[in-house]
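Each chain, letter by letter, is given below.
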Amino acid sequence: MRTFLDKMRDLKMQEVEAAQRHAPESELRARLSGLAPRASFSRGLQAPGISLITEVKAQAPGRRNVETLDLQAVLEDYEAGGAHAISVLTDEHYFGGSLETLEQARNSTALPLLHKEFIVHPYQLLQGKLRGASAALILVYYFTLPELQGILEQTRELGLDAVVECSLEEELPRALEANPEVLMINNRPIASLPEEPGSTYHLGSVDTTVDWWRRFPELQAWKSQPERVLISASCISTAEHLGTLRQVPCDAALIGNSAMSAPDRVLFLKTLRSGKF
């Protein structure tokens, strides 16, 4: 069965091919010199407690978070609410994002930025780096172990943190073998969603992160290494959810739909951080 991620792979390869015709990789690499450094994504999450990564996401399959994206207002809310980093979803077709949104975020906040995209080609790393990303999302689903090791090395060479994401437990051994500095467990099983996900896109539970931690000693061994960062993503919308994550050494929580759609984003984030539930 073809999955949503299979469909996105095809779409992203088409986008890369079109972009390369307009601006070849050599041209993008030539523009790297002189880029102002960005704050480290991974170091920004190594604070006491669970750091918050808030996401700029106008929409998702089956839902719309905002009718019109007021990026400046969103970023100001996230900063006032105590976010430690910002994730910017740049896919236009399903999530209403763009590389221009990432660039605008770079010009509007000093917080480290995660380029959240369906990255299937190193060219996309350059696109994100040039627009201000501190880190790039790498989905294990798209890569064999040698390919994963290769794309992680290319990410590091560009001075980006690689955020390696698993959403199915069978992906976890491959991710751990690659030994990333940052590992993200997606509580939503995005790698198993059908090609047209519809309402199934919103299935999942924050208990996934806790369950994996308890059942996989290899995950615990990976985290015992110095400066390893564990992120839990998706299905996090209450202080109780953060309380669940405190059962394990989780460094950060990525919060997307619930943060974007909150009537009062500042109050929402402060309530999450208060730990009151």
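Values in this document were obtained by computation on a predicted structure and should not be read as measured data.

A.B. asks: Could you give me a rundown of the packing of aromatic side chains, with the residues and numbers involved?
C.D. replies: Per the counting criterion, the structure on display carries four aromatic pairs. Within the aromatic cluster, the residues linked to one another by ring pairs are F4, Y94, F95 and F118.

A.B. asks: Please set out the environment of L52 residue by residue, giving values where relevant.
C.D. replies: Mapping L52 onto the fold places it in strand β1 (residues 51-56). Relative accessible area serves as the criterion here: at 0%, L52 is assigned to the buried category. Placed 138 residues apart in sequence, L52 and I190 show a C-alpha to C-alpha distance of 21 Å. Setting aside anything within four residues of it in sequence, one finds L52 in contact with A83, H84, A85, L242, A253, I255, L269 and R273.

A.B. asks: Account for helix α4 (residues 71-81), with residues named and values stated.
C.D. replies: Of the residues making up α4, those classed as buried are L71, V74, L75, Y78 and G81. Buried positions in α4, seen along its axis, are confined to an arc of 130 degrees and lie on one side of it. Tucked into the core, α4 has its buried residues touching β1, β4 (85-89), α5 (99-106), α12 (257-261) and α13 (265-274). Just downstream of α4, G82 is the residue with a positive phi angle, here 100 degrees.

A.B. asks: Any chance you could break down the packing of α4 against α13 for me, citing the residues and the numbers?
C.D. replies: How two helices pack is summed up by the angle between their axes together with the distance between the axes. Contact geometry of α4 with α13 gives a least axis separation of 8 Å together with a crossing angle of 30 degrees. When the interaxial angle is binned, α4 and α13 end up roughly parallel. For the pair α4 and α13, the sense of crossing is right-handed. Residues V74, D77, Y78, A80 and G81 of α4 form the contact with α13, whose own contacting residues are R265, V266, L269, K270 and R273.

A.B. asks: Residues and numbers for the nonpolar core, please.
C.D. replies: L183, L219 and I231 are the most contacted members of the largest nonpolar core, which has 94 residues in total. The dominant element in this core, judged by the number of residues it contributes, is helix α1 (residues 4-22), at six residues. Discounting residues that sit within four places of it in the chain, L219 has contacts with L172, L176, L183, I185, W212 and W213.

A.B. asks: How would you explain the pairing of strand β7 (residues 161-166) if you had to name every residue and give the values?
C.D. replies: Most of β7 sits out of view: five of its six residues are buried. Bridging between strand β6 (residues 135-139) and β7 involves five bridges; their strand directions are parallel. Paired with L139 across the two strands is E165, which belongs to β7. In terms of handedness, the path from β6 via helix α7 (residues 145-157) over to β7 forms a crossover that is right-handed.

Cut-offs used in this document
- Residues numbered from 1 in each chain as written.
- Predicted model: local features only at pLDDT ≥ 70, side-chain atom pairs only at ≥ 80, totals over all residues.
- Heavy atoms only, no water.
- Phe/Tyr/Trp six-rings, centres within 6.5 Å; stacked < 30°, edge-to-face > 60°.
- Helix = DSSP H or I, 4+ residues; strand = E, 2+ residues; numbered from the N terminus.
- Buried < 20%, exposed > 50% of the residue type's maximum accessible area, 1.4 Å probe, protein only.
- Contact = heavy atoms within 4.5 Å.
- Arc of directions from axis to C-beta.
- Axes fitted to C-alpha atoms, helices over the stretch in contact; angles between N-to-C directions.
- Parallel < 35°, antiparallel > 145°, perpendicular 65-115°, else oblique.
- Left-handed = near helix turned anticlockwise from the far one by under 90°.
- Core = buried A, V, L, I, M, F, W, Y, C linked by side-chain atoms within 4.5 Å.
- Pairing = 2+ DSSP bridges.
- Right-handed = clockwise from strand over helix to strand, strands pointing away.

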